[in-house]
Amino acid sequence: QVQLVESGGGLVQAGGSLRLSCAASGRTFSSYAMAWFRQAPGKEREFVTCITWSGATTSYADSVKGRFTISRDNAKNTVYLQMDSLKPEDTAVYYCAGNRYSTSTSRGADDYAYWGQGTQVTVSS
């Protein structure tokens, strides 16, 4: 079992940056692939980015490619999402998620068994 807790959300102006963190409990974190999803009001949850257990492979949604960077520190049981050049359309609740399959690069929410409670990111224009 892995428990996930996100932090780092907040209010930022367009063009600004934020770094989200997702702290995981449990000794198996390092064997999990991890991802970030987001959900804006009135919209479905959507894939943002994912990273394999070693950090060797990452994948990004087209909407964030070149602006967001996912990384992880297995020694700290933490995955990060660096968000730069933020836009108002990035406003959403951001969730981190864990996948037992260590090399997975799945973009499907159903493939992730573990979820955090979410952190709000609001980008003002």
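This text gives an overview of the structure that appears in the document. (Residues numbered from 1 in each chain as written. Predicted model: local features only at pLDDT ≥ 70, side-chain atom pairs only at ≥ 80, totals over all residues. Heavy atoms only, no water.)

**Observations regarding the environment of L81**
Then comes step 1: With respect to the helices, strands and loops of the structure, L81 is situated in strand β8 (residues 78-83).
Then comes step 2: You can call L81 buried: its relative accessible area is 0%.
Then comes step 3: In sequence terms L81 and I70 are 11 residues apart; their C-alpha atoms lie 4.6 Å from each other.
Then comes step 4: Excluding its chain neighbours within four sequence positions, the residues that come into contact with L81 are L18, R19, L20, W36, V48, T49, F68, T69, I70 and Y94. (Helix = DSSP H or I, 4+ residues; strand = E, 2+ residues; numbered from the N terminus. Buried < 20%, exposed > 50% of the residue type's maximum accessible area, 1.4 Å probe, protein only. Contact = heavy atoms within 4.5 Å.)

**Quick notes on the packing of aromatic side chains**
Then comes step 1: Evaluation of the coordinates by the stated rule reveals five aromatic pairs.
Then comes step 2: Relative to Y112, the ring of F37 has its centre 5.4 Å away and its plane inclined at 75 degrees; by these criteria the two rings are edge-to-face. With F37 in strand β4 (residues 33-39) and Y112 in the loop between β9 (92-99) and β10 (114-115), the pair connects residues that are 75 residues apart, well separated along the chain.
Then comes step 3: F37 sits in the buried class, given a relative accessible area of 1%.
Then comes step 4: By way of ring pairs, the aromatic residues F37, F47, Y95, Y112 and W115 are connected into one cluster.
Then comes step 5: A cation sits over an aromatic face here: R45 above W115, 4.7 Å from the ring centre.
Then comes step 6: Its end group placed over the ring of F29, R72 keeps NZ or CZ at 4.6 Å from the ring centre. (Phe/Tyr/Trp six-rings, centres within 6.5 Å; stacked < 30°, edge-to-face > 60°. Lys NZ or Arg CZ within 6 Å of the ring centre and 35° of its normal.)

**Some thoughts on unusual backbone geometry**
Then comes step 1: Here N77, not a glycine, exhibits a phi torsion of approximately 50 degrees, which is positive.
Then comes step 2: Note that N77 resides in the loop between β7 (68-73) and β8.
Then comes step 3: Here the phi dihedral of S85 falls at roughly 50 degrees; this positive angle occurs in a residue that is not glycine.
Then comes step 4: One can find S85 in the loop between β8 and β9.

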